[in-house]
Amino acid sequence: MGEGKKRLPVGVENFEQLINDNYYYVDKTGLISELLRNGGMVNLFTRPRRFGKTLNMSMLEHFFSIEKEQSIFDGLEISKDTKLCDAYMGKYPVISISLKGIHAAAYETAFDFAVRIMKKTACNVQFLLESDALSDYDKLEYKELLNSNMSEAAFCGGLKILSELLEKHYGTKVILFIDEYDVPLAKAFENGYYDQMIFLICNLLEQALKTNDSLKFAVMTGCMRISKESIFTGLNNLKVLSVTDERYDEYFGFTDMEVREMLKYYETEGHYEEIKSWYDGYQFGSTKVYCPWDVLNHCDKIKDHADAFPENYWIHTSSNDAVRKFIQMSDNLTARREIEKLLAGGEITKEIHQELIYPEMYQSLENVWSFLFMTGYLTQRGRIDAKRYKLAIPNLEIRDIFQTQIMEYFKENVAQDGDTLSRFCDALKNGEETKAGEIFERYLKKTISIRDTFVRKAGKENFYHGMLLGILGVKEEWYVSSNEESGEGYSDILIETENSTMAILIEVKYANDGNLNQACERALRQIEERKYDEELRENGVDRILKYGIACYKKCCKVKLAEESYSKIQSGYKKAEL
């Protein structure tokens, strides 16, 4: 990469810092003019996490705020609209608050965090204490918001009071930005104090957005579009802009052109296809977008390390509870087949309920489909009618999250079924290839399979390999290793049984043409050709069983190498003696 390039803003969410410290910026300032042309009194943008919501809110704050330096917009798209800039840029008092930090195991602690956030927001405008436009009573009200012991009533009225005081001071109405409004509700639901939190946030929003005469307009962001009945009661001026709306669809996430330009700037165009297959695939409205968090992280890595593999950057930013619970709920055959179709790159049609409340999220599979769609684990590939959408897994990264959760759930089930596990391990140890094959196939038929048409054969083998490791990993008395260097290559799975008296080598092959016998033979030949057993013999292990396991969809065949039969027979004779 050439010298003197701008840094990539991984994790930078403050717009002023991003511009002043010379970070690379994908220009989303067109959002400002779009908002002024088409925005409502109260605008709620719902997008999955890590799609640039907070940075966009910071950008809006810096544009409108009377207290910010607007020269940072020089040269950006919005600066071309001089008429709009003259009318709106730096003309309004702005209140900006993020509710992201309101989360804790108990309501009392969460409320303490909420108070700190409100106090910090109030601290930003301490010039109000010196304002000639405010009465002594106004200043007393303001001081209450600087108190760490403020009541729930004071907290709920905080944004409205600040709006009124700022309007008095400046003589103009206030713009309000509320970022991540639904995080406190999600955390409260997870930790069992949802009713208390919804009451608090509902009161805060009602006073700030419904009965606030000092409000010019407001913008909120969140992941979920919570039911109006539960939180936006009577708020008739609310305009919701979700992932299905065409307006503003290009302002959250990176477009294909923006990604190409970034790769060109950093001289990494050769990575375009891998970035597209791993991080593209979302559709907001009618625009296809990439997840910006992933693109920034991966581009930052490859500009210094050209051989870096694509990673799952999204998985570390959340617990992925939604996918895990979904997998646990999908034990019926229809749901399993639908997930398999999605994992194979296909589409399914579902009715989407965009207005839910958190306690409803996991009440039915239908609601979970909607939840996965709104939180970015699924995306749309077209609309059937007002409520029904064609859904798909967006890209390889999200597919990896599904596959990981499927494997985790599979391992949990194996651990609970000790009898089947013991019979499978005994069959391997005793050379009972047919019995081992039947048990493994039973596992395959019960789990959600990964049969992706666009994943290479090696990727399919990895899935079956992973299932075998999931089963064998529960057998605590055995040492199981995978892909250890051995002889002239890498063995697929190596098992050392109790007291290292016997070793089992397993090579897994995917039978692309469905010929399981032939694939088993290929697997056994590979064990021989690569001398996987060499090191074992040098370490004194002479009873080595070699298995070729072939898989095709939900079918499998287990084949024991001819020479291994004699090892088993000699073992029986020793036992008899």
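Residues numbered from 1 in each chain as written. Predicted model: local features only at pLDDT ≥ 70, side-chain atom pairs only at ≥ 80, totals over all residues. Heavy atoms only, no water.

Novice: Talk me through the nonpolar core; I want residue IDs and the actual numbers.
Specialist: Nonpolar side chains in soluble globular proteins tend to end up buried together. Core analysis: the biggest nonpolar cluster contains 117 residues, and Met197, Leu209, Met220, Met262 and Phe402 have the highest contact counts within it. The greatest single-element share of this core, amounting to ten residues, is contributed by helix H9 (residues 194–210). Once residues within four sequence positions are removed from consideration, Met262 is found in contact with Leu8, Tyr24, Val26, Phe254, Val295, Leu296 and Cys299. (Core = buried A, V, L, I, M, F, W, Y, C linked by side-chain atoms within 4.5 Å. Buried < 20%, exposed > 50% of the residue type's maximum accessible area, 1.4 Å probe, protein only. Helix = DSSP H or I, 4+ residues; strand = E, 2+ residues; numbered from the N terminus. Contact = heavy atoms within 4.5 Å.)

Novice: I'd love a proper account of the packing of helix H2 (residues 30–38) against helix H3 (residues 53–64), names of residues and values included.
Specialist: With their axes 10 Å apart at the nearest point, H2 and H3 run at an angle of 75° to one another. When the interaxial angle is binned, H2 and H3 end up roughly perpendicular. Touching Leu31, Ile32, Leu35 and Leu36 of H2 are Asn56, Met59, Leu60, Phe63 and Phe64, all from H3. Tallied by class, residues from the contact of H2 with H3 come to eight nonpolar, one polar and no charged. (Axes fitted to C-alpha atoms, helices over the stretch in contact; angles between N-to-C directions. Parallel < 35°, antiparallel > 145°, perpendicular 65-115°, else oblique. Nonpolar A, V, L, I, M, F, W, Y, C, P; charged D, E, K, R; others polar.)

Novice: Kindly report on the pairing of strand S16 (residues 544–552), identifying the contributing residues and their values.
Specialist: The buried fraction of S16 is high, at eight of nine residues. Across eight bridges, the pairing between strand S15 (residues 503–510) and S16 is parallel. When the bridges of S16 are listed, Glu507 appears paired with Gly548. Note that S16 and strand S17 (residues 555–560) share six bridges and pair antiparallel. Directly across from Tyr547, in S17, lies its bridge partner Leu560. Count of turn residues in the S16/S17 antiparallel hairpin: two residues, of which Lys553 carries a positive phi of about 55°. (Pairing = 2+ DSSP bridges.)

Novice: So what's going on with the side chain of Ser214? Residues and values would help.
Specialist: Position of Ser214 among the secondary structure elements: in the loop between H9 and strand S4 (215–222). In this structure Ser214 comes out as buried when scored by relative accessible area, which is 4%. A distance of 2.7 Å separates the side chain of Ser214 from the side chain of Glu167, its partner in a polar contact. In this structure Ser214 touches Ser163, Glu164, Glu167, Lys173 and Val174, once residues within four positions along its chain are discounted. (Polar contact = N/O pair within 3.5 Å; in protein donor to acceptor, adjacent residues only side chain to side chain.)

Novice: Quick one: what's the story with the sheet that holds strand S9 (residues 379–383), residue by residue and with numbers?
Specialist: Sheet architecture is open: three strands sit in the order S8-S10-S9, paired in antiparallel fashion. A strand with exactly one partner marks an edge of an open sheet, and here the two such strands are strand S8 (348–351) and S9. Neighbour to neighbour, the strand axes of the sheet diverge by 45° on average, direction disregarded. Where S9 meets strand S10 (residues 388–392), three bridges bridge the pair, whose relative direction is antiparallel. Bridge pairing in S10 places Gln380 opposite Leu391. The sheet strands contacting helix H15 (residues 333–343) are S8 and S10, and the helix crosses S8 at an angle near 125°. Sheet strands in contact with helix H16 (residues 365–374) are S8, S9 and S10, and its direction is about 105° off that of S8.

Novice: Give me empty space enclosed by the protein: which residues, what numbers.
Specialist: Taken as a whole and judged by the stated rule, the model has three cavities of 30 Å³ or more. Roughly 50 Å³ of volume is contained in the largest cavity. Lining of the largest cavity is provided by Cys202, Leu205, Glu206, Leu209, Ile231, Phe232, Thr233 and Leu235. Considering each element in turn, the lining of the largest cavity owes the most residues, four residues, to H9. Looking at side-chain class alone, the lining of the largest cavity contains six nonpolar, one polar and one charged residues. Estimates place the volume of the second largest cavity at around 40 Å³. Counting residues per element, the lining of the second largest cavity draws most heavily on strand S6 (residues 282–284), which supplies three residues. Partitioning the lining of the second largest cavity into residue classes produces six nonpolar, three polar and no charged. (1 Å grid on protein atoms, 1.4 Å probe; cavity = no way out; pocket = protein on both sides within 12 Å on 5 of 7 lines; lining within 4 Å. Points joined across faces, edges and corners; volume = space filled by probe spheres on them.)

Novice: So, the pattern of salt bridges: which residues are in play, and what are the values?
Specialist: Taken as a whole and judged by the stated rule, the model has 29 salt bridges. Residue Asp256 pairs with Lys276 through a salt bridge whose shortest N-O separation is 3.6 Å. Of the two residues, Asp256 sits in helix H11 (residues 256–265) while Lys276 sits in helix H12 (residues 272–279), which places them 20 residues apart along the sequence. Given a relative accessible area of 24%, Asp256 falls into the partly exposed group. Sharing partners across several salt bridges, the network here consists of Asp256, Arg260, Lys276 and Asp280. (Salt bridge = Lys/Arg side-chain N within 4 Å of Asp/Glu carboxyl O.)

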